[in-house]
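Spelled out from the first residue to the last, the chains are:
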Amino acid sequence: MIASRRLGRLLVALPSIRFGGTERHAAELAARLGTTGLSVTLAAEPAMLPLLEEALPAGFPAPRLLAAGIGWAEGDGAAEARQRAAASALLAAAAPDVALLPLPWPDAGLGLMRALAEARLPRLALLHLAAEGPAPDAIAASLPGIAVDGMAWSAVSAPVARRAAGFFGLPPSRIAVIDNPAPPPAAQDPAPVRAALRRSLGLRGDAPLVAFIGRLEEAKGADLLPAIADRLGVTLVCIGDGPLRGYLDAQALADPRGMLRILGPIAEPLPWYLAADVLLLPSRLEGAPLVFLEAASMGCPVVATAAAMEGLAPGLARIAAPEPAALAGAVQALLADAAGTAAMIGRARAEAARRSWERAMEAWRGQLRVAAMLAESAA
Amino acid sequence: MTTLLIGAAELAALLAGTPMVVSAPGMAIPEGLCLAILHPVEGVLRLPDAVPGTARPFPAGLRPLALLAPDPEAGAALGALLPPGTPLLLGETAMPGLASLLAEALARSEAVRAALNRRLAGQPAALPKRVTDLPPMEGAAPPPPRLVQPLGRPAAGISGIALHLAVGATDPASLLRVRLVAGGRVAGAWTVPGAALPPGWLALDLPEPAPPGAAEAVLEVALEAAAGDAVALSAGAADATAPLALRVEEAPPGHRAAPPHCDWAALDMLLPEPGATLPLAEGAWAEATVTGGRAERVAAGAEAARMLLALEPGAEATLDLAALPCGPAELALATCHLRLGDGAEVALSAWPAAEEAAARHSLWRGFDAEGALRIALPLPPAPCGAIRLRLRLRSDAGAALVEVERLALGMGLAGDRRRPPQEVAPPPPKGAVRMAPGLAAPAAVSPAAPGRLSVALPGSTPTAPRSGPAAFTAGAGAERAAFRASPPQPRLAGGDAGAPVAMAAQPTELRHPDAPAAFQDVGLQQHLVNAEGTYRHLDLAVTGLVAAAGLWRQVRLKLFDRRGTVGLEFRAMKGWPQMFDVWPGARQDNFGPFWRVESEAPAEALGQLATPHDRALILAVLEVLPALARRGAMAASLAAAEQEAWTDRARALATAVSASRAGSRP
């Protein structure tokens with residue numbers, strides 16, 4: 001007789017210490033997984049819980065939020081031990097049948113992985129980002145203890161999966177790629193939004209407008225923004241926060257033409273996709289950029305680096321080298337090529353439409369089942 | 001003499017067959033007996049605790065099973081008041097006697113039942129009556145392979161249908177599935193393999209007439225042609241929503257048949273919506289077996305558990321399900337996801353339980369870019385009503401983990417909805433010709449060379465042999481077999497009115513010039529007699545009129561008697577076929593052009609026939625007219641004398657016309 005089991009309780013353990021796309025995705029995924037009768041606990045650093053709660057989508061069962069000292073930061077050598085120590089209390093409190101680990105970085109959850117392996121609990125790692133290069137030392141040191149063969153693995157893009165597979169010594173096909181979903185397309189008329197937001201910036205209704213939306217850090221290419229604005233000669237709004245915020249504020253103040261506008265974090269940036277003529281995505285490293293998917297759904301064309309778009313199909317954005325001149329030139333070329341831009345918007349819209357949460361959830365539930373079977377076979 | 005009465009309720013129970021005994025006072029009755037015990041209460045036999053009410057005398061011939069009394073005296077006293085012959089059982093030893101009496105009563109009851117069955121079996125079989133007859137239209141485009149055909153009438157009483165195949169199947173793997181549905185319930189279902197799909201009419205009988213109900217009857221038809229097989233049904237008209245060429249018969253209750261190709265398992269089932277999936281029962285999964293791989297069923301949350309199959313590199317795994325009742329299902333459905341690995345493939349097989357040689361197989365199928373794979377495999381015929389499913393998986397490239405989201409039976413999609421056969425059709429396109437039922441496929445007909453045409457004469461369409469329990473077919477087989485190519489009524493043809501004429505059994509060259517005219521079928525459209533009795537007619541639709549000089553697939557005529565003048569009337573109007581090459585004469589009334597030939601002065605009318613073909617038509621009609629008249633009169637349920645009168649009128653007209661042509665009056 002074929003064995004049968006039911007997964008009733010899911011622990012989503014998020015080892016993040018700051019809030020971004022990975023964390024927003026984790027909150028939404030945790031809520032949506034609760035719709036099929038899974039009892040979901042979302043555990044994270046106490047400081048993260050209010051942000052996660054705010055990010056929970058309406059209309060879905062809210063997961064139980066649980067504070068746990070499992071946060072990880074790059075270079076924090078004590079994080080793994082801290083996670084292992086916190087895990088026992090976490091497992092006792094949540095009593096999960098299966099665990100999901102959304103990882104902002106491949107070595108962000110090694111302590112959790114080891115604890116879950118020791119508990120022989122079905123577990124699924126979700127890799128959001130992985131840089132090219134050798135495996136982080138911490139991973140190599142932890143490998144025997146985390147029992148990678150007994151785990152299910154997933155990634156948001158094929159490049160991330162490929163790199164992570166190398167880090168953990170897995171065959172590439174061992175990591176399932178599950179596309180990040182895109183938001184539903186805009187239903188509103190963009191014309192009034194474009195006019196209103198330009199007025200808010202003191203611009204004419206027909207003034208060109210370029211937007212950057214994302215974390216203000218070097219990985220996202222935010223350091224390039226002042227030079228790009230200077231070369232473009234059109235208004236560039238920056239929405240977001242991060243370590244480069246002070247630098248960018250200073251550059252904006254020093255800009256005599258006022259081309260660079262730093263707006264800071266905005267809770268609901270979607271109207272800016274409707275208002276902007278171009279979204280600028282100068283990232284040096286991306287997994288599956290949510291801002292691109294949001295722009296695609298809203299019909300906003302994108303100028304991006306190849307690194308930013310590596311997890312996506314070609315032809316969805318105008319690609320430029322990660323330097324100000326190339327990016328500014330690409331923006332200008334895009335603005336001058338109405339027909340080509342319209343075709344590109346259409347392709348991007350189609351890609352966004354393909355990436356629904358419904359499709360993704362089927363894959364996520366499938367990977368949870370895989371996790372159950374792999375843990376059993378490893379045991 | 002009986003002086004005890006019996007309560008009305010008790011009498012009703014006794015009449016309904018409830019075994020009853022009468023118990024004298026003081027008699028101890030053993031508990032647990034399935035008997036009604038009557039006690040005398042103030043001169044009336046009543047059940048214990050019965051409410052006093054109306055009482056009646058025992059009807060003649062009816063009596064209790066026995067009288068139970070403690071001693072002979074008590075028995076004699078009470079027995080004198082009961083119907084004569086009531087057995088008396090005395091004392092504590094009543095049980096053996098009672099058992100014996102019950103056994104005798106049961107034997108008598110069985111004997112009566114058997115006698116009734118014998119009498120029923122000896123009854124002449126109730127003949128089905130054709131209520132719809134839409135012949136195929138030559139030149140009409142073949143209907144789509146999957147369609148829904150409303151019959152425009154309730155299913156109640158339908159005993160059989162027949163569909164027409166324009167092109168027979170050449171591959172035994174082809175399959176025709178037909179369901180007769182009413183009110184969402186399957187009244188009839190047939191699965192006909194390609195070997196039983198020759199061109200011509202295909203009879204599909206119901207085991208018994210469809211039960212009463214007002215819901216409209218709908219045929220669901222799916223023709224699955226094997227690769228390279230041009231098998232096609234015939235349409236009854238040439239427009240886009242043309243109904244199928246079809247026949248419908250109805251029969252009174254009691255009619256029985258043992259139809260070949262019947263899907264007994266599907267009968268009377270509630271029909272799921274088109275496209276619906278019929279998930280497997282949990283028990284089917286519990287009994288599933290897996291070889292060649294590792295399997296586990298996992299549910300995430302409250303959802304149904306899904307099967308996961310893990311394969312080692314180069315392995316092939318097999319998932320076998322126990323036999324499943326397939327009911328009205330048409331498809332085996334599989335949906336799989338490749339959760340890990342790449343290069344895996346899946347194949348699905350389905351076969352009737354215990355008959356693996358009849359299996360249908362999907363080919364090996366790969367997963368799409370999203371890692372999903374869906375297979376819909378048409379089920380093979382499963383006369384036993386059960387099907388086996390097997391899913392095979394292989395992985396050449398490396399280890400793989402496949403999730404079986406769904407392995408189920410399913411309904412096909414709804415087909416094109418056609419117009420009911422009775423609805424008025426748009427005018428047929430030029431060149432479309434109504435074919436007579438039972439004739440060969442359109443491809444065999446060449447209007448340009450009718451004289452050299454080789455056609456299957458009426459009644460000659462190849463038919464599948466009938467089989468089944470003799471009790472079902474006794475007395476009805478011959479008539480039911482006739483449904484395949486001709487109506488159930490006795491077939492009459494030729495010039496000798498009333499004489500049955502055997503039809504050719506094999507396709508034959510067109511008739512010899514000396515051969516008499518014949519027809520395949522005649523239907524009564526109307527029998528009319530006016531209030532004064534001065535006018536009457538039989539409106540007749542003839543199919544398959546064959547004479548040496550031609551072949552007319554449909555002919556319609558009125559044979560009338562107007563104050564002793566007998567005649568034929570033909571009309572050019574909707575519902576009447578085009579019979580003449582050139583419409584004769586110029587007479588018309590409110591209903592449009594008409595042409596008559598009458599016993600008085602027929603020569604003038606015959607002179608209006610412009611072509612030899614048209615003249616041949618009238619001569620052929622007159623030749624078979626007595627037979628047509630008798631058949632029409634029979635169909636109108638007229639008395640024998642009146643049937644004979646119509647036959648005489650037909651003969652008289654034929655004689656008058658013949659005499660006119662010979663230049664003399666009768």
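From a predicted model like this one, the values you see are computed outputs, not experimental measurements.

What counts as what
- Residues numbered from 1 in each chain as written.
- Chains lettered and ligands numbered in written order.
- Predicted model: local features only at pLDDT ≥ 70, side-chain atom pairs only at ≥ 80, totals over all residues.
- Heavy atoms only, no water.
- Helix = DSSP H or I, 4+ residues; strand = E, 2+ residues; numbered from the N terminus.
- Buried < 20%, exposed > 50% of the residue type's maximum accessible area, 1.4 Å probe, protein only.
- Contact = heavy atoms within 4.5 Å.
- Buried area = accessible area lost by both parts, 1.4 Å probe.
- Salt bridge = Lys/Arg side-chain N within 4 Å of Asp/Glu carboxyl O.
- Polar contact = N/O pair within 3.5 Å; in protein donor to acceptor, adjacent residues only side chain to side chain.
- Pairing = 2+ DSSP bridges.
- Axes fitted to C-alpha atoms, helices over the stretch in contact; angles between N-to-C directions.
- 1 Å grid on protein atoms, 1.4 Å probe; cavity = no way out; pocket = protein on both sides within 12 Å on 5 of 7 lines; lining within 4 Å.
- Points joined across faces, edges and corners; volume = space filled by probe spheres on them.
- Nonpolar A, V, L, I, M, F, W, Y, C, P; charged D, E, K, R; others polar.
- Parallel < 35°, antiparallel > 145°, perpendicular 65-115°, else oblique.
- Left-handed = near helix turned anticlockwise from the far one by under 90°.

*Asks:* How should the overall build of chain A be read in this particular structure?
*Replies:* Broken down by element type, chain A carries 14 helices and 14 strands. A buried classification covers 56% of the 379 residues belonging to chain A. Counted over contacts in chain A with a minimum sequence separation of 6, partners at least 24 positions apart contribute 74%.

*Asks:* Before we go on, may I ask you to explain the interface of chain A and chain B in this structure?
*Replies:* Size of an interface: often given as the accessible area lost when the parts come together. Each partner contributes residues to the interface: chain A has 27 residues there, and chain B has 27 residues. Summed over both sides, the interface of chain A with chain B buries roughly 2,400 Å², with 55% coming from carbon and sulfur. Three residues, Ile2(A), Arg369(A) and Met373(A), lead the burial of chain A against chain B; their summed loss comes to 33% of the area buried on that side. At the boundary of chain A with chain B, the tally comes to seven salt bridges. Close ionic contact of Arg369(A) with Glu403(B) constitutes a salt bridge, the shortest N to O distance being 2.6 Å. Counting every contact that joins chain A to chain B gives 17 residue pairs in polar contact (both at pLDDT 80 or more). Residue contributions to the side of chain A that touches chain B peak at 13 residues, all from helix α14 (residues 357–378) of chain A. Note that strand β1 (residues 3–7) of chain A and strand β20 (residues 294–300) of chain B share five bridges and pair parallel. Paired with Ser4(A) across the bridge in β20(B) is Arg297(B).

*Asks:* Sorry, what's going on with the sheet that holds strand β6 (residues 66–69) of chain B here?
*Replies:* What holds strands together in a sheet is hydrogen bonding between their backbones, with the strands either parallel or antiparallel. Residue and element names in this part refer to chain B. Read from one edge of the open sheet, seven strands run β5-β1-β4-β3-β2-β6-β7, paired in mixed fashion. Lying at the two open borders of the sheet, with one neighbouring strand each, are β5 (55–56) and β7 (88–90). Sheet analysis places strand β3 (residues 36–41) next to strand β4 (residues 44–46), joined by three bridges and oriented antiparallel. Among the inter-strand pairings, Pro-40 is bridged to a residue of β4, identified as Leu-45. Each of β1 (5–7), β2 (20–23), β3, β4 and β5 touches helix α1 (residues 8–15); the most contacted strand, β1, lies at about 90° to it.

*Asks:* So what exactly am I meant to see when it comes to empty space enclosed by the protein here?
*Replies:* If you roll a probe as big as a water molecule over the atoms, it shows you where there is empty space left. Residue and element names in this part refer to chain B. Under the counting rule described, the total for this entry stands at two cavities of 30 Å³ or more. The volume enclosed by the largest cavity comes to roughly 180 Å³. As for the largest cavity, its lining consists of 19 residues, of which Arg-177, Thr-191, Asp-263, Gly-327 and Ala-329 are closest to the centre. For the lining of the largest cavity, the secondary-structure elements that each account for two or more residues are β12 (175–182) and β13 (185–193). Across the lining of the largest cavity, the residue classes break down as twelve nonpolar, three polar and four charged.

*Asks:* What should I look at first to understand the pairing of strand β21 (residues 306–311) of chain B in this one?
*Replies:* Put simply, side chains in a regular strand alternate between the two faces of the sheet. Residues and elements named next belong to chain B. For β21, a buried count of six out of six residues is recorded, marking the element as mostly surrounded by other parts of the structure. Side chains of β21 alternate between two faces, with Arg-306, Leu-308 and Ala-310 and Met-307, Leu-309 and Leu-311 buried alike. Between the end of β20 and the start of β21, which pair antiparallel, lie five residues, with Gly-301 showing a positive phi angle near 80°. The pairing of β21 with strand β30 (residues 400–410) spans five bridges and is antiparallel. Residue pairing across strands places Met-307 opposite Val-404, the latter belonging to β30.

*Asks:* Teacher, can you tell me more about helix α11 (residues 290–298) of chain A here?
*Replies:* Residues that lie three or four places apart on an α-helix share one face, since the helix turns once every 3.6 residues. Residue and element names in this part refer to chain A. The buried count for α11 comes to nine of nine residues, which makes it a mostly enclosed element. Looking at the buried positions of α11, the neighbouring elements they touch are α1 (21–33), β9 (209–213), α10 (270–275), β12 (278–281), β13 (302–305) and α13 (338–354). At the exit of α11 stands Gly-299, carrying a positive phi of roughly 80°.

*Asks:* Explanation requested: the packing of α11(A) against α13(A) in the structure shown.
*Replies:* Packed helices, taken two at a time, are described by the angle between their axes plus the distance between the axes. Residue and element names in this part refer to chain A. In contact at an axis separation of 8 Å, α11 and α13 are set at 110° when each is read in the N-to-C sense. Comparing their axes, α13 and α11 come out roughly perpendicular. When the axes of α11 and α13 are compared, the crossing they make is left-handed. Together, Phe-292, Leu-293, Ala-296, Ser-297 and Met-298 of α11 and Ala-348, Arg-349 and Ala-352 of α13 make up the contact between the two elements. Along the lines of polarity and charge, the residues of the contact of α11 with α13 split into six nonpolar, one polar and one charged.

*Asks:* I would appreciate a short explanation of the pattern of salt bridges in the present structure.
*Replies:* Pairing between side chains of opposite charge can happen when their charged atoms approach one another. Residue and element names in this part refer to chain A. Within the structure shown, the criterion is met by 63 salt bridges over all chains. As a salt-bridge pair, Glu-28 and Arg-32 come within 3.0 Å of each other at their nearest N and O atoms. Residue Glu-28 and its partner Arg-32 are located together in helix α1, separated by four residues, close to a single helical turn. With respect to burial, Glu-28 and Arg-32 carry one shared label: buried.

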